[in-house]
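# Secondary and tertiary structure notes
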Amino acid sequence: MKNRVLGSSGIEVTPLGYGCMGVSHAYGDALPADEARAVIRDAYDAGYRFFDTAPAYLGETADGQVSNNEVLVGEALDDVKDEVVIATKFGVSINPDRSLNISSKPDEIKATVESSLGYLGVDRIQLLYQHRIDRSTEPEVVAGTVSDLMDAGLVEAWGISEVDEEYLRRAHAVCPVAAIENRYSMMARWHASLFPTLEELDIAYVAFSPMANGFLGGHFDQNLNFAKGDYRGDMPQYTPEGVERAKELVEYLNALAEAKGATPAQISLAWMLCEKPYIIPIPGSRNPERMRENLAAADIVLTPQEVADINAQLDSMDLMVFGGHAGK
Ligand SMILES: NC(=O)c1ccc[n+]([C@@H]2O[C@H](COP(=O)([O-])OP(=O)(O)OC[C@H]3O[C@@H](n4cnc5c(N)ncnc54)[C@H](OP(=O)(O)O)[C@@H]3O)[C@@H](O)[C@H]2O)c1
C-alpha cells in the first residue's frame, strides 16, 4: 500500500482516508461518544492515517447528547496525533433548524480555525478545507485569509470542497491549494472535468461519498425506509426509481468484483484509485471489517484499459444520485 501525496504540500497520506462524519452526522442517530471514539480508533487500527472531519459534522445521540465530530476525532487519536493527518474545514455551520449557514468571511474563518484547534486538541491544522463556496466572499479574500493563518503557523495546507475550476484557479493564484474535496464515485463523475486542472496545478483530489453514500457497497437492496436523521432517505439513488435505474450498474459491478476476486465496494474504490494517482477516496463506515475491506482496495490493480472500459460502461448508464448531475 503506497502512500499518496496532497499535491504541492508534499504531505503524505494513506491511499484512502477515513471519513469520520458518519459517526456523528447524516446516518441517523449519532453514536454515543464512547462508541464513536472506538469506531474512529478502529479506523486507525485498520491502517488509516488520514482522517476527515468538519465543524459541521454535528449530530445528536439517541439520548439527546450533542456529538461534536472534531472533539471525538481529537480524543480518539489523542496519543497518535504525530502519526496521522487530520483534515477539517471552515465555511459551513448548522443553524438550529438544521439548515446550513454558508459563510467564509475572514473573521468567521479565523474564529472557526481557533475553535477547531481547541476541539481537535492540536497546535496546527494539517489540512484545512473551505467546506462550501460562499459566493459573497471573493476567492482571493478567502485564500488571503488562509495564507495569513499559514503564516501564523496555525494551518499547514489548504483545500476547497465542492469547487469549480474558475474559483479554484483564482484561489490557487493567491495561496497554492493542496487538495480539493469533491464528490466522486462511479455514480457521480461530473468533476472528472477538473482532472487536467488538478494535474496542471499539482492538486490532489480527495473523493467524498466515494461509494455513493454506501449504495455501491451493496446497500441497494436494503429496506429503503431510513431512520429519522438518515440523509439517505432523501437521496435519489435510494428511491425505488433510483434503485431500478442502477440495476445495470449493480450487475456490472458484481461481475467485475467476481472476476477480480474482490467485493463490489472494493472495485468501486479501486477504479478511482487506479484512474489517477492523486485521487484519495475517503469512505466512511461504522464497521471495522468494512473499513479493512475498503483499505484493501488499494492493493487491487486495474489496468488503464480496464479503467477506460469501466468509464465507457458508466457513460452508457442513466443513473440517479445525490448531487443532481445525472450521474455523469
Ligand atoms: N466535503 C463535503 O462536503 C463532504 C460531504 C459528504 C461527505 N464527506 C466526507 O466523506 C466521507 C464519506 O462520505 P459518505 O459517508 O457521504 O459516503 P460513502 O463513504 O460513500 O458511504 C458511507 C456508507 O457506506 C457504507 N459502507 C462503507 N463501506 C462499505 C462496504 N465496504 N460495504 C458496504 N457498505 C459500506 C457505510 O455503512 P456502514 O457504516 O454500515 O459500513 C456508510 O453507510 C464522510 O465521512 C465525510 O468525511 C465530505
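See the structure above.
## A word on the packing of helix α1 (residues 33–46) against helix α2 (residues 69–76)
The geometry of α1 relative to α2 is characterised by a closest axis approach of 9 Å and an angle of 60° between their N-to-C directions. Here α1 is positioned oblique relative to α2, judged by the angle of their axes. Where α1 crosses over α2, the handedness of that crossing is right-handed. Contacts from A33, A36, R37, I40 and R41 of α1 reach α2 at L72, V73, E75 and A76.

## Considerations on the environment of D123
Turning to its location among the elements, D123 is positioned in the loop between α3 (106–120) and β10 (125–130). With 31 residues separating them in the primary sequence, D123 and L154 have C-alpha atoms 6.7 Å apart.

## A closer look at the sheet that holds strand β4 (residues 50–52)
Reading across the sheet, the eight strands line up as β3-β4-β7-β10-β11-β12-β13-β14 and stay open at both edges, with parallel pairing between neighbours. Only two strands of the sheet have a single neighbouring strand rather than two, namely β3 (18–19) and β14 (279–281). Summarising the sheet, strand β11 (residues 155–161) and strand β12 (residues 179–183) pair through three bridges and their orientation is parallel. For G159, the partnering residue across the bridge sits in β12 and is A179. The strands touched by α3 within the sheet are β7 (85–90), β10 and β11, with β7 carrying the most contacts at an inclination of about 145°.

## Focus: the site of the ligand
Taken together, 30 residues surround the ligand, and among them G19, M21, G214, G217 and A265 come closest. At three residues, the largest contribution of residues to the shell around the ligand is made by helix α10 (residues 288–295). Of the residues contributing to the shell around the ligand, the split by class is ten nonpolar, 14 polar and six charged.

## A short note on helix α9 (residues 264–275)
In this model, α9 (twelve residues) spans 17 Å end to end at C-alpha, consistent with the 16 Å of a helix rising 1.5 Å per residue. Within α9, eleven of the twelve residues are buried, which leaves it mostly tucked inside the rest of the structure. Taken together, the buried residues of α9 touch β13 (204–208), α8 (247–260), β14, α10 and α11 (304–315).

## Considerations on the pairing of β12
Most of β12 sits out of view: five of its five residues are buried. Note that β12 and β13 share five bridges and pair parallel. Bridge pairing links A179 to A204 in β13. Of the crossover connections in this fold, the one passing from β12 over helix α6 (residues 195–201) to the parallel β13 is right-handed.

## A short note on the packing of α3 against helix α4 (residues 139–151)
Where α3 meets α4, the closest approach of the two axes is 10 Å, and the angle between their N-to-C directions is 35°. In this structure, α3 crosses over α4, and the sense of that crossing is right-handed. In contact with P106, I109, K110 and V113 of α3, α4 contributes V141, T145 and L149.

## Description of unusual backbone geometry
Phi is positive for E162, which is not a glycine, with a value near 55°. Its location among the elements puts E162 in the loop between β11 and α5 (165–174). You can call E162 partly exposed: it has 17 C-beta atoms within 10 Å. The phi dihedral of N213 falls on the positive side, at around 60°, and the residue is not glycine. For N213, the location among the structural elements is in the loop between β13 and α7 (240–245). C-beta crowding within 10 Å serves as the criterion here: with 27 such atoms nearby, N213 is assigned to the buried category.

## Looking at the environment of A56
Locating A56 in the fold gives a position in the loop between β4 and β5 (58–60). Residue A56 is classed as buried on the basis of its 23 C-beta neighbours within 10 Å. Taking C-alpha positions, A56 is 8.9 Å from H131, a pair spaced 75 residues apart along the chain. The contacts of A56, once residues within four sequence positions are left out, are V92, S93, I94 and H131.

## Side note on the pairing of β7
For β7, a buried count of six out of six residues is recorded, marking the element as mostly surrounded by other parts of the structure. A two-sided burial pattern is seen for β7, the buried positions comprising V85, A87 and K89 on one face and I86, T88 and F90 on the other. In this sheet, β7 lies alongside β4 in parallel orientation, the contact comprising three bridges. Residue pairing for β7: F50 is matched across the bridge by V85. With four bridges connecting them, β7 and β10 associate as parallel partners. Paired with A87 across the two strands is L127, which belongs to β10.

Definitions and limits used
- Residues numbered from 1 in each chain as written.
- Predicted model: local features only at pLDDT ≥ 70, side-chain atom pairs only at ≥ 80, totals over all residues.
- Axes fitted to C-alpha atoms, helices over the stretch in contact; angles between N-to-C directions.
- Helix = DSSP H or I, 4+ residues; strand = E, 2+ residues; numbered from the N terminus.
- Parallel < 35°, antiparallel > 145°, perpendicular 65-115°, else oblique.
- Left-handed = near helix turned anticlockwise from the far one by under 90°.
- Contact = placed C-beta atoms within 7 Å.
- Pairing = 2+ DSSP bridges.
- Near = placed C-beta within 6 Å.
- Nonpolar A, V, L, I, M, F, W, Y, C, P; charged D, E, K, R; others polar.
- Expected span 1.5 Å × (residues − 1).
- Buried ≥ 20, exposed ≤ 12 C-beta atoms within 10 Å, placed from the backbone.
- Right-handed = clockwise from strand over helix to strand, strands pointing away.

Taken by themselves, the reported measurements are silent on function.
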